[in-house]
Amino acid sequence: MIDFSAAADAIGLLLGSWEPWLVVIPGMCIGLLFGALPGLGASAALALVLPFTLYMDFLSAIIFMTAIYTGNGFGCAVPAIMLNLPGSTGAVATTFDGFPMARAGKHNEALGLGLAASAFAEGLGYVLLFALVGLIANAVLRLGPPEMFVVALWGLALIASLRGDSMARGLLAGVFGLLLGTIGYSARGDIRGTMGFDVLLDGIPLVPALMGLFASAELFNLMRSDFIVADASAREVNLRKILSGVAQAFRYPSVLVKGSVIGVVIGAVPGVGSSVSNLLAYSEAKRTSDDPESYGKGNPRGVVAAESANSSSEAGSMATLLALGIPGSASGAVMLAAFAMHNITGGPRFITDHTDLVYAIILANFIQVFALLFFGVGFIYIASSLVKIPVRMLVPMIMALSVLGSYALTGNMVGPITYFVFAVLGWFMVRYDYPVAATVIGLLLGHMVEGELLRTYQMSGGDLTFFLERPIAMGFFALFLISLAWPIFVRRRRASGLAAPVSIPADDQKT
Amino acid sequence: MKFAFGGRHVRVDLGYLFFALAIGGWCVWYLFDARSASTNFQNLLLIQPAVILAVLLVLVVAAGAFRLDPAGEGRSSGEPPARTPDKPSSADDRSEVLRVFGFMALLAVYLVAIPYLGLDLATFLFVAACLLGQGERRPHFLVGIPLIFTFVMVYGFKALLPIPIPTLFG
């Protein structure tokens with residue numbers, strides 16, 4: 001499993017030169033900043049620095065890029081917690097409990113929790129990667145279209161059923177998102193749902209849609225308040241509270257470890273990565289909690305689960321990038337471009353021929369964990385000041401920032417228009433109590449689900465018994481069914497546990 | 001909206017009903033659009049079953065908009081289900097909804113203005129108009145905040161990004 005001679009060479013590589021260490025701090029700061037600014041995600045940051053990596057040696061270049069990735073992983077949590085604005089798909093679940101905590105004046109603690117969970121998960125993820133890089137890569141190779149299709153459906157079902165009180169609305173929101181996600185060219189080249197707009201041929205721009213769906217409803221709602229945190233005394237920026245949040249994260253070791261493992265495993269699946277892992281880890285934490293009702297209302301475990309999963313996804317995606325040469329995301333693709341610029345091709349041969357280099361990258365990331373903790377606390381201290389800005393000033397600035405970020409992502413007005421359309425849709429969805437996250441995950445996975453289903457159909461020739469020959473797909477399908485049935489089971493168990501004459505609240509009678 | 005049916009009062013949450021029907025309507029339109037592109041099985045492999053499922057779910061969800069009201073009185077129409085204090089769905093106050101629609105309109109005007117005024121001037125005017133709409137009356141705030149924000153963000157993005165950012169100045 002671990003090649004100790006290569007590990008010793010890797011330590012030699014890292015200690016033999018100061019150059020790889022020089023790039024960690026700037027990389028971390030760029031990552032944190034780009035993560036905290038909606039619309040400027042990891043892929044934008046990596047793409048921007050790509051030309052500079054040409055002037056570095058390969059190890060320094062990759063360490064620089066992973067430092068940006070690491071900083072970005074936590075940076076996205078800052079707007080998610082402070083403004084309910086997930087700057088990336090990986091920070092969606094962070095908003096669920098992070099923002100309620102911020103509104104309750106626990107922004108310092110929430111950011112501290114997120115930072116500690118990110119740093120811990122990052123470290124654990126790379127430990128797992130160090131020990132299992134080969135195994136993970138082989139496991140991913142076993143996932144074919146049927147498995148990918150069922151994994152995506154499972155992710156969707158988990159999110160749709162998160163809101164146990166309105167399963168039908170959850171499923172409708174998920175299916176609606178799935179259909180929205182298939183707009184544009186189909187896998188076989190048919191054009192659907194574009195209404196004649198060529199800009200939709202490649203589908204709906206995801207991040208502007210996501211910003212609109214999540215942030216806008218909250219922004220429109222916030223206009224009624226004077227400050228994000230109503231209580232003036234709770235608006236303080238307090239280092240002690242940030243550090244207490246950091247310490248608090250370690251009071252939930254099972255949530256931390258489960259989130260990290262889910263992150264690594266799902267992060268290794270190309271095309272899914274942190275987008276699904278954070279939602280899956282959140283859902284798992286809620287499902288196994290003694291008090292699931294407290295989730296979504298500011299439960300610190302929710303922040304820990306989401307942040308640990310999205311941060312450890314980096315290690316998972318690095319596994320497929322290094323071992324298979326397959327980028328799991330846009331950021332991975334930019335990293336692969338850096339590989340190409342240095343005439344290096346990721347894949348099984350890279351692992352066997354340059355094991356020392358692979359280990360050096362992994363070991364450098366351990367060090368980055370401590371750098372993240374140190375710089376992250378400083379960054380939080382500055383970012384927490386957002387709660388001191390009156391809402392009447394904050395809301396238009398966030399809206400304008402979202403429009404600018406959307407423009408930056410698409411390079412034309414398609415991004416801002418998408419943001420606006422989904423902002424209006426999001427407001428109506430929240431108003432009528434539809435889980436927006438289900439639509440988002442459907443939107444993210446729509447194209448992939450259709451492509452994998454088509455490939456499954458082509459492989460099986462339409463014969464459903466084909467699935468019987470795919471035990472992994474069957475296993476995931478069982479998990480999918482359990483995820484759908486679980487909320488109903490819990491509801492019935494709860495109902496049978498209650499005294500008979502308790503009346504159901506009027507609102508709950510609706511589906 | 002309320003109506004009597006078989007001697008019993010029925011309340012209908014019209015906003016909730018129309019929104020569910022709007023989702024269902026879009027899904028059905030999407031199926032027809034996909035079918036007009038191609039009726040090939042592979043084109044409709046996911047879309048057709050998904051739309052059928054969506055329509056069934058819309059029926060279940062929409063049924064929730066109709067509630068028997070034995071007392072003949074209750075919540076006002078248009079009020080959505082499952083309210084919580086921090087959600088806009090709790091806003092049965094019409095003025096609150098109109099205010100949100102007003103800001104949505106302002107956001108739409110901002111987007112329309114960008115190609116004509118550039119991101120800098122349009123952003124400046126949008127932030128200033130929002131501040132004004134939310135009750136800010138101090139002139140130095142109405143001018144200073146949009147000016148600083150526009151300068152830092154728009155020109156910051158312009159300096160950082162390799163794509164052309166349309167601006168009127170600079």
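The rules behind the values
- Residues numbered from 1 in each chain as written.
- Chains lettered and ligands numbered in written order.
- Predicted model: local features only at pLDDT ≥ 70, side-chain atom pairs only at ≥ 80, totals over all residues.
- Heavy atoms only, no water.
- Helix = DSSP H or I, 4+ residues; strand = E, 2+ residues; numbered from the N terminus.
- Buried < 20%, exposed > 50% of the residue type's maximum accessible area, 1.4 Å probe, protein only.
- Contact = heavy atoms within 4.5 Å.
- Areas by Shrake-Rupley, 256 points an atom, 1.4 Å probe, with all protein chains shown as cover.
- Polar contact = N/O pair within 3.5 Å; in protein donor to acceptor, adjacent residues only side chain to side chain.
- Expected span 1.5 Å × (residues − 1).
- Arc of directions from axis to C-beta.
- Buried area = accessible area lost by both parts, 1.4 Å probe.
- Salt bridge = Lys/Arg side-chain N within 4 Å of Asp/Glu carboxyl O.
- Nonpolar A, V, L, I, M, F, W, Y, C, P; charged D, E, K, R; others polar.
- pLDDT = per-residue confidence, 0-100.
- Core = buried A, V, L, I, M, F, W, Y, C linked by side-chain atoms within 4.5 Å.

**Q** I'm lost on the overall build of chain B in this one. Help?
**A** Scanning chain B from N- to C-terminus turns up five helices and three strands. Along chain B, from the amino end to the carboxyl end, the secondary structure elements read β-β-α-α-α-β-α-α. Among the 170 residues that make up chain B, the fraction classed as buried is 44%. By sequence separation, contacts in chain B at least 24 residues apart represent 53% of the contacts at least 6 residues apart. Accessible area of chain B: about 8,700 Å², with a carbon and sulfur share of 71%.

**Q** Whenever I open this one, the overall build of chain A confuses me. Can you help?
**A** Counting its regular elements, chain A contains 22 helices and two strands. For chain A, buried positions account for 64% of its 511 residues. Expressed as a percentage of contacts within chain A between residues at least 6 apart in sequence, the contacts between residues at least 24 apart total 81%. Carbon and sulfur atoms provide 66% of the accessible area of chain A, an area that totals close to 18,100 Å².

**Q** I keep staring at the environment of T288 of chain A and nothing clicks. Help me out?
**A** Residue and element names in this part refer to chain A. Relative to the helices and strands, T288 is located in the loop between α14 (273-287) and α15 (300-324). The exposure class of T288 is partly exposed, given its relative accessible area of 37%. When the C-alpha atoms of T288 and P487 are compared, they prove to be 12 Å apart, with 199 residues separating the residues in sequence. A distance of 3.3 Å separates a polar atom in the side chain of T288 from a polar atom in the side chain of K258. A polar atom in the side chain of T288 sits 2.8 Å from the backbone oxygen of E284.

**Q** Got a minute to help me understand helix α1 (residues 4-15) of chain A in this structure?
**A** Helical geometry: 3.6 residues make up each α-helical turn, so side chains three or four residues apart lie on a common side. All names here are of chain A. Look at α1: 17 Å from first C-alpha to last across twelve residues, which is about the 16 Å you get at 1.5 Å a residue. Turning to α1, its buried residues are A6, A7, A10 and L14. Here the buried residues of α1 occupy an arc of 105 degrees about the axis, which is enough to place them on one side. Within α1, the exposed residues directed more than 90 degrees away from the buried face are F4 and L15.

**Q** So what exactly am I meant to see when it comes to the interface of chain A and chain B here?
**A** Many structure descriptions define interface size as the accessible area lost when the parts assemble. The interface of chain A with chain B comprises 70 residues on the first partner and 79 residues on the second. Taking both partners together, chain A and chain B bury about 6,800 Å²; carbon and sulfur atoms supply 75% of that area. In this assembly, chain A and chain B are joined by one salt bridge. The shortest N-O distance in the salt bridge between E136 of chain B and R392 of chain A comes to 2.8 Å. Connecting chain A to chain B are eight residue pairs in polar contact (both at pLDDT 80 or more). Among the elements of the structure, α10 (167-181), β2 (191-192), α11 (206-222), α19 (391-410), α20 (414-431) and α21 (436-460) of chain A are those that each provide at least two residues to the side of chain A that touches chain B. It is α19 of chain A that contributes the most residues to the side of chain A that touches chain B, 13 residues altogether. Within the side of chain A that touches chain B, the residues separate by chemical class into 46 nonpolar, ten polar and 14 charged.

**Q** Where do I start with the confidence of the model for chain B in this structure?
**A** Reading predicted coordinates in detail is not appropriate for stretches of low pLDDT. Residues and elements named next belong to chain B. Of the residues in chain B, 85% have a pLDDT of 70 or more, and the chain-wide mean is 83. Confidence drops under pLDDT 50 across residues 73-80; counting only partners more than four residues distant or on other chains, this segment forms 26 contacts. This stretch, residues 82-89, has a pLDDT under 50; its non-local contacts, to residues over four places away or in other chains, come to 25 contacts. This prediction of the complex comes with two scores: 0.73 for pTM and 0.86 for ipTM.

**Q** Would you mind going over the nonpolar core with me for this structure?
**A** Grouped burial of nonpolar side chains is what soluble globular proteins tend to show. Core analysis: the largest hydrophobic core is formed by 215 residues, its most contacted members being M399 and Y434 of chain A together with Y110 of chain B. Beyond its immediate sequence surroundings of up to four residues, Y110 of chain B is in contact with A400 and V403 of chain A together with L119, A122, T123 and F126 of chain B.

**Q** Whenever I open this one, the environment of W29 of chain B confuses me. Can you help?
**A** Positionally, W29 of chain B belongs in helix α1 (residues 14-37). Each C-alpha atom, one on W29 of chain B and one on V51 of chain B, is 9.6 Å from the other, the two residues being 22 residues apart in sequence. Apart from the residues lying within four places of it in its own chain, the contact partners of W29 of chain B are G193 and M195 of chain A.

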